[in-house]
Amino acid sequence: MRETNFLIENNARHLWHPMAHPAEMQATPPRIINAGEGVEIVDIHGKKVLDAVGGLWNVNLGYSCEPVKEAIRRQLDDLPYYSTFRGTTNSPLIELSYELAEWFREDGLTRSFFTSGGSDSVETCLRLARQYHKLNGQPERTKFVALKKGFTVPISAAPRSTAMPISVATTSRCCPASIICRRPIPIATRSTRPTALSSPSRSRDSSRTRSPFRAPTPSRR
């Protein structure tokens, strides 16, 4: 790895961070994380802090979990990757799909479709649902029900379905709002604290939410 000064100097210069404008990232550089163990992460200056969000809500076994690391090492030695498009598959995928089918047998699960992340999963579900009803003789069933402001990363129809303002601003043409039926989030999960998306000083009109692809408005002095 390059030396500390190099990393600090080039922080956010050549990388477009998700959900943020490049100018904002350069004005306020993101914290550089170099290590993690258990529930804690360590930044480039050696400061150790609690990772309260677990990476991006996906480090559910903590960092440097030995069984996970060992399984990854073994698989890298055998076969680091191979496609499962028509005509090929691989042994770990067969085993995992079997285990999932056994685990969720009572729920009626018989097959799994694997994706690379949460938004890919939502996108796939939306497409599978539309295709299912089309093949089932009900092509008019095109609407979805989603939790309003439910989190999903901005790609195509997935973020449009939950109407997070910052996502809608960048994906409004990908998935028409007319096919989405939004429902309020459960009371127990609603936050009463002001956030960047719910600050009382900001308009509730999602169309006025600034897109991360638009440059910040210069301050007047």
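The shown structure was predicted, so the numbers you read here are calculated from the model rather than taken from an experiment.

(A) Region of the structure containing the overall build of the chain. Within the chain one finds 8 helices and 5 strands. Here the chain holds 221 residues, and 20% of them are scored as buried. As displayed, the chain offers around 17600 Å² of accessible surface, 55% of which is attributable to carbon and sulfur atoms.

(B) Region of the structure containing the pattern of salt bridges. Across all of its chains, the model carries 7 salt bridges by this definition. Among the salt bridges present, the one from Lys69 reaches Glu66, with a minimum N-O distance of 3.2 Å. Highlighted residues: Lys69 and Glu66, both in helix H4 (residues 66-78), separated by 3 residues, approximately one helical turn. Classification of Glu66 as partly exposed rests on a relative accessible area of 46%. One salt bridge connects Arg74 with Glu70, and the closest N-O pair in it is separated by 3.9 Å. Of the two residues, Arg74 and Glu70 are both situated in helix H4; the distance of 4 residues between them amounts to about one turn of the helix. Take Arg74: its relative accessible area is 47%, and that puts it in the partly exposed class. In this structure Glu70 comes out as partly exposed when scored by relative accessible area, which is 32%. Because the salt bridges share partners, they merge into one network encompassing Glu66, Lys69, Glu70, Arg73 and Arg74.

(C) Looking closely at the sheet that holds strand E1 (residues 33-37). Pairing is antiparallel across the open sheet formed by 3 strands, whose spatial order is E1-E2-E3. Two strands bound the open sheet, and with one partner strand each, they are E1 and strand E3 (48-50). Pairwise comparison of adjacent strand axes, ignoring direction, gives a mean angle of 30° for this sheet. Pairing of E1 with strand E2 (residues 40-43) involves 4 bridges; the strand directions are antiparallel. Its bridge partner lying in E2, Ala35 is registered against Val42.

(D) Just a nonpolar patch on the surface, in detail. Together, Leu61, Val68, Ile72 and Leu76 make up a nonpolar patch on the protein surface, roughly 370 Å² of accessible area in all. For Leu76, a relative accessible area of 51% gives the class exposed.

(E) Here's a closer look at the layout of surface pockets. Of the voids in this model, the second largest pocket is the one considered here, and its volume is about 500 Å³. Every residue along the wall of the second largest pocket is listed here: Thr84, Phe85, Thr89, Asn90, Leu93, Ile94, Ser97, Arg111, Ser112, Phe113, Phe114 and Thr115.

(F) View of the packing of aromatic side chains. Applying the stated criterion to the full structure yields 0 aromatic pairs. Note that Arg2 overlies the ring of Phe6, its terminal NZ or CZ placed 4.4 Å from the centroid.

(G) Here's a closer look at the confidence of the model for the chain. Mean pLDDT over the chain stands at 78; residues scoring 70 or higher make up 68%. Counted against residues more than four places away or in other chains, residues 192-216, with its pLDDT under 50, gives 31 contacts.

(H) Local environment of helix H5 (residues 91-103). Look at H5: 19 Å from first C-alpha to last across 13 residues, which is about the 18 Å you get at 1.5 Å a residue. Capping the start of H5, Asn90 holds a side-chain oxygen 3.1 Å from the backbone nitrogen of Leu93, two or three residues further along.

(I) The pairing of E2, seen in detail. Taking every second residue as pointing to the same face, the buried face of E2 carries Ile41 and Asp43, while none of Glu40 and Val42 on the other face is buried. Once E1 ends, the chain turns through 2 residues before running back antiparallel as E2, passing Gly38 with a positive phi of about 65°. Pairing geometry for E2 and E3, over 3 bridges, is antiparallel. Bridge assignment links Ile41 to a residue of E3, and that residue is Val49. Hairpin remark: E2 followed by E3, antiparallel, with 4 residues in the connecting loop; positive phi at Gly46, about 85°.

(J) How the structure looks around unusual backbone geometry. If you check the backbone angles, Ala12 has positive phi at about 70° while not being a glycine. Tracing the backbone through its elements, the reader meets Ala12 in the loop between helix H1 (4-9) and helix H2 (22-27). On the basis of relative accessible area, Ala12 is assigned to the buried category, the value being 5%. One non-glycine residue with positive phi stands out, namely Ser64, at about 60°. Within the secondary structure layout, Ser64 lies in the loop between helix H3 (54-57) and H4. By relative accessible area, which is 39% here, Ser64 ends up partly exposed.

Calculation criteria
Residues numbered from 1 in each chain as written. Predicted model: local features only at pLDDT ≥ 70, side-chain atom pairs only at ≥ 80, totals over all residues. Heavy atoms only, no water. Helix = DSSP H or I, 4+ residues; strand = E, 2+ residues; numbered from the N terminus. Buried < 20%, exposed > 50% of the residue type's maximum accessible area, 1.4 Å probe, protein only. Areas by Shrake-Rupley, 256 points an atom, 1.4 Å probe, with all protein chains shown as cover. Salt bridge = Lys/Arg side-chain N within 4 Å of Asp/Glu carboxyl O. Pairing = 2+ DSSP bridges. Axes fitted to C-alpha atoms, helices over the stretch in contact; angles between N-to-C directions. Patch = residues over 30% accessible without salt bridge, like charges linked within 9 Å, V, L, I, M, F, W, Y side chains within 5 Å. 1 Å grid on protein atoms, 1.4 Å probe; cavity = no way out; pocket = protein on both sides within 12 Å on 5 of 7 lines; lining within 4 Å. Points joined across faces, edges and corners; volume = space filled by probe spheres on them. Phe/Tyr/Trp six-rings, centres within 6.5 Å; stacked < 30°, edge-to-face > 60°. Lys NZ or Arg CZ within 6 Å of the ring centre and 35° of its normal. pLDDT = per-residue confidence, 0-100. Contact = heavy atoms within 4.5 Å. Expected span 1.5 Å × (residues − 1). Polar contact = N/O pair within 3.5 Å; in protein donor to acceptor, adjacent residues only side chain to side chain.

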